[in-house]
Amino acid sequence: MHRQRGAAMSAAAAAPDAAEAAPKKGKKKLIIIIAAVAVLLLGGGGAAFYVMKKNAAAEEAAAEGEDGESSAHVEKKPKKDKKEKKDDKHALPVFVPLDPFTVNLADRDSDRFAQIGITLQVEDAHAGDEIKAYLPAIRNNILLLLSRKSAQDLAGAEGKELLAEEILQVAVQPMGIELAPPGEEESAAKGKKKKRYDSIDDSPIKHVQFSSFIIQ
């Protein structure tokens, strides 16, 4: 009888201890779970921050690359391809008419003079504006050239064609362009030393047209 009472009392005393131990174990598990969740959240946040920072750096580098390409494109003038050059040939011509020239010719046996209207065919409108800045020097060179001609020199189609070539040569000299004078290729073919000249492609003036041609 006494043994049963003692066992009952021991069981009753152990029950509160077990009840107290159970909450302690539950609290520990809860703390571990909360710590694990916090670690995961911190780790995920750190990873997300790293990814966002990496993406931002990549976008910034791409933006700088685009800006560099854009500035390089502005600074560097693109070359015309064959198609663009072909289109230029079909562009409307631009003409710069000069005031008529009246000049005494170089004839010795009689007083002869010429009245000649000259129009310069230029590369484009910009070249036309550029030429206008040199017009006084261009007119001076043309007048000097005409004053050295005789009526015989200007007679016939060949004389006028030769004069047009010579006018083109002297008209671009004020702009620092030195074209080969007519007949220079023939002289080189005969063995004479050939001087290096600028190309017609470098000249803003492409052709010389006569609007009037009177010799008296």
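Residues numbered from 1 in each chain as written. Predicted model: local features only at pLDDT ≥ 70, side-chain atom pairs only at ≥ 80, totals over all residues. Heavy atoms only, no water.

1. Considerations on the overall build of the protein chain
- Scanning the protein chain from N- to C-terminus turns up six helices and four strands.
- The secondary structure elements of the protein chain, listed N-terminal to C-terminal, are α-α-β-β-β-α-α-α-α-β.
- In the protein chain, buried positions account for 20% of the 216 residues.
- Across the protein chain, the fraction of contacts at a sequence separation of at least 24, relative to all contacts at a separation of at least 6, is 67%.
- Here the protein chain displays about 16400 Å² of accessible surface, and carbon together with sulfur accounts for 57% of that area. (Helix = DSSP H or I, 4+ residues; strand = E, 2+ residues; numbered from the N terminus. Buried < 20%, exposed > 50% of the residue type's maximum accessible area, 1.4 Å probe, protein only. Contact = heavy atoms within 4.5 Å. Areas by Shrake-Rupley, 256 points an atom, 1.4 Å probe, with all protein chains shown as cover.)

2. Digging into the environment of Gln-209
- By the element assignment, Gln-209 lies in strand S4 (residues 205–215).
- Residue Gln-209 is classed as partly exposed on the basis of its relative accessible area of 33%.
- For the pair formed by Gln-209 and Ile-118, sequence separation is 91 residues and the distance between their alpha carbons is 5.9 Å.
- Among residues more than four places away in sequence, those in contact with Gln-209 are Phe-95, Gly-117, Ile-118, Thr-119 and Gln-121.
- Within the structure, Gln-209 has its side chain in polar contact with the side chain of Gln-121 (distance 3.2 Å). (Polar contact = N/O pair within 3.5 Å; in protein donor to acceptor, adjacent residues only side chain to side chain.)

3. What to know about a negative patch on the surface
- A cluster of acidic residues, Glu-123, Asp-124, Asp-198, Asp-201 and Asp-202, forms a negative patch at the surface.
- Residue classification places Glu-123 among the partly exposed positions, given a relative accessible area of 48%. (Patch = residues over 30% accessible without salt bridge, like charges linked within 9 Å, V, L, I, M, F, W, Y side chains within 5 Å. Salt bridge = Lys/Arg side-chain N within 4 Å of Asp/Glu carboxyl O. Lys, Arg positive; Asp, Glu negative; His and termini not counted. Charge placed at Lys NZ, Arg CZ, Asp CG, Glu CD.)

4. Some thoughts on the side chain of Asn-141
- Of note, Asn-141 is situated in helix H4 (residues 135–147).
- In this structure the side chain of Asn-141 is engaged in a polar contact, spanning 3.0 Å, whose partner is the backbone oxygen of Val-170.
- Beyond its immediate chain neighbours, meaning those up to four positions away, Asn-141 contacts Val-170, Gln-173 and Pro-174.

5. Let's talk about the confidence of the model for the protein chain
- On average, the protein chain scores 74 in pLDDT, and the residues at 70 or more come to 54%.
- With pLDDT under 50 throughout, residues 18–22 is counted as low confidence; its partners more than four residues away or in other chains account for zero contacts.
- Low pLDDT, under 50, characterises residues 66–80; the stretch is placed with three contacts to residues that sit more than four places away or in other chains. (pLDDT = per-residue confidence, 0-100.)

6. Here's the deal with the environment of Leu-154
- Within the secondary structure, Leu-154 sits in the loop between H4 and helix H5 (156–171).
- It is 9.5 Å that separates the C-alpha atoms of Leu-154 and Phe-213, two residues lying 59 residues apart in sequence.
- Those residues in contact with Leu-154 that sit more than four places away from it in its chain are Leu-105, Lys-149, Lys-160, Leu-163, Phe-213 and Ile-215.

7. Here's the deal with the pairing of strand S3 (residues 113–122)
- By the criterion of burial, S3 is predominantly enclosed, with eight of the ten residues buried.
- As defined by bridge partners, strand S1 (residues 94–97) adjoins S3 across four bridges and the pair is classed as antiparallel. By the bridge assignment for S3, Val-94 is matched with Val-122.
- The sheet contact formed by strand S2 (residues 101–104) and S3 spans four bridges and is antiparallel. Across the sheet, residue Asn-104 finds its bridge partner in S3, namely Phe-113.
- Pairing analysis gives nine bridges linking S3 to S4, with the strands arranged antiparallel. Bridging from a neighbouring strand, Gln-121 pairs with His-207 of S4. (Pairing = 2+ DSSP bridges.)

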